[in-house]
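Each chain is listed here by its residues.
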Amino acid sequence: MCNECTCSLEALKLNKEMILTKICQSGIVAVVRAKDAEQAVRIADACIEGGVPAIELTFTVPGAHHVIEELAKRYTPDQIILGAGTVMDPETARMAILSGAQYVVSPYFNLATVKLCNRYRTACMPGAMTIKEVIEAMEAGADIVKLFPGEAAGPQMVKAIRGPIPYAKLMPTGGVDIDNVAEWIRAGAVAVGAGSSLTAGAKTGDYAAITQMGREFVKRIQEARGQ
């Protein structure tokens, strides 16, 4: 990696606590899945234009680490909160971090991945479904626990977990849409992950629809928070 690239990536690496604060303030993470790198970048562009700066570029996208590098160069730290999703193991997590990812999201709890993220002071959000899994992830040092799949339980699961564990930071993903996002937020989610319900316009090339949907998500989250 050239010195210029190294400097640009270092500039993008904000303090981990700052990244987490920005994600919670935004209230929404755009889960970007795409058929290729070009579509992924266009989805990210549309989300950011719509006021959704937190981008989770999933490793289901071909050449995902190159897309993360492209987005890291394309936007400043004030414009994007850049993360990697569908990270299944520590090797992929390290690749994502070296490419410029500021946080790592997994569909399940993998201790080695959480340890690696903590080693490099990178925010980590492993997936969990049960209270036992949530506690295990928190004990391992997870910063936010991704409640996944969200549609399997619904917003009432957030309330159920935060009853005995009010300090749990939960981010439901899967089943979050424009009609129920306010309910998730009111239930106590610190943020939500939105995939196809936000980015569906990409299938027909209607990226303006993604931008508009992003604005509507942000509006409803703010209303749910009383802002």
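What counts and how
Residues numbered from 1 in each chain as written. Predicted model: local features only at pLDDT ≥ 70, side-chain atom pairs only at ≥ 80, totals over all residues. Heavy atoms only, no water. Phe/Tyr/Trp six-rings, centres within 6.5 Å; stacked < 30°, edge-to-face > 60°. Lys NZ or Arg CZ within 6 Å of the ring centre and 35° of its normal. Helix = DSSP H or I, 4+ residues; strand = E, 2+ residues; numbered from the N terminus. Contact = heavy atoms within 4.5 Å. Core = buried A, V, L, I, M, F, W, Y, C linked by side-chain atoms within 4.5 Å. Buried < 20%, exposed > 50% of the residue type's maximum accessible area, 1.4 Å probe, protein only. Salt bridge = Lys/Arg side-chain N within 4 Å of Asp/Glu carboxyl O. Pairing = 2+ DSSP bridges. Axes fitted to C-alpha atoms, helices over the stretch in contact; angles between N-to-C directions.

1. Points about the packing of aromatic side chains
So, point 1. Here the structure, examined in full by the defined rule, presents zero aromatic pairs.
So, point 2. The ring of Tyr120 has Arg94 lying over it, and the distance from NZ or CZ to the ring centre is 3.9 Å.
So, point 3. Geometry around Phe148 places Lys146 over its ring, the cationic atom sitting 4.5 Å from the centre.

2. Considerations on the environment of Gly50
So, point 1. Note on placement: Gly50 falls in the loop between α3 (37-49) and β2 (54-58).
So, point 2. The spatial distance from the C-alpha of Gly50 to the C-alpha of Ala208 is 8.9 Å, given a sequence separation of 158 residues.
So, point 3. Excluding anything up to four places from it in sequence, Gly50 contacts Thr211, Gly214, Arg215 and Val218.

3. Topic: the nonpolar core
So, point 1. By size, the foremost hydrophobic cluster in this structure holds 65 residues, and its most contacted members are Ile55 and Leu71.
So, point 2. Here the element with the most residues in this core is α3; it accounts for seven residues.
So, point 3. Ignoring sequence-local partners within four residues, the contact set of Leu71 consists of Val41, Ala44, Ile55, Ile80 and Leu82.
So, point 4. Residues Ile23, Tyr103, Met125 and Ile144 belong to the second largest nonpolar core, which totals 14 residues.

4. Regarding the pattern of salt bridges
So, point 1. Tallied over the full model, the rule gives seven salt bridges.
So, point 2. Residue Arg121 pairs with Glu17 through a salt bridge whose shortest N-O separation is 2.8 Å. In this pair, Arg121 is assigned in the loop between α6 (111-119) and β5 (123-125) and Glu17 in helix α2 (residues 16-26), connecting sequence segments 104 residues apart.
So, point 3. Ionic pairing is found between Glu70 and Arg74, a salt bridge with its closest N-O pair at 3.4 Å. Here Glu70 pairs with Arg74, and both are found in helix α4 (residues 64-74), just four residues apart, close to one helical turn.
So, point 4. The partly exposed category is assigned to Glu70, whose relative accessible area is 35%.

5. Some points on the sheet that holds strand β1 (residues 28-32)
So, point 1. The six strands are arranged β5-β4-β3-β2-β1-β9 in an open sheet whose pairing can be described as parallel. Looking at the sheet topology across the chains shown, the edges are occupied by β5 and β9 (192-194). On average, each strand axis in the sheet is tilted by 25° relative to the strand beside it, whichever way the strands run.
So, point 2. Relative to strand β3 (residues 81-85), β2 is paired through five bridges, and the arrangement is parallel. Residue pairing for β3: Leu57 is matched across the bridge by Ala84.
So, point 3. On top of the sheet, α3 reaches β1 and β2; it is set at about 165° to β2, its chief contact.

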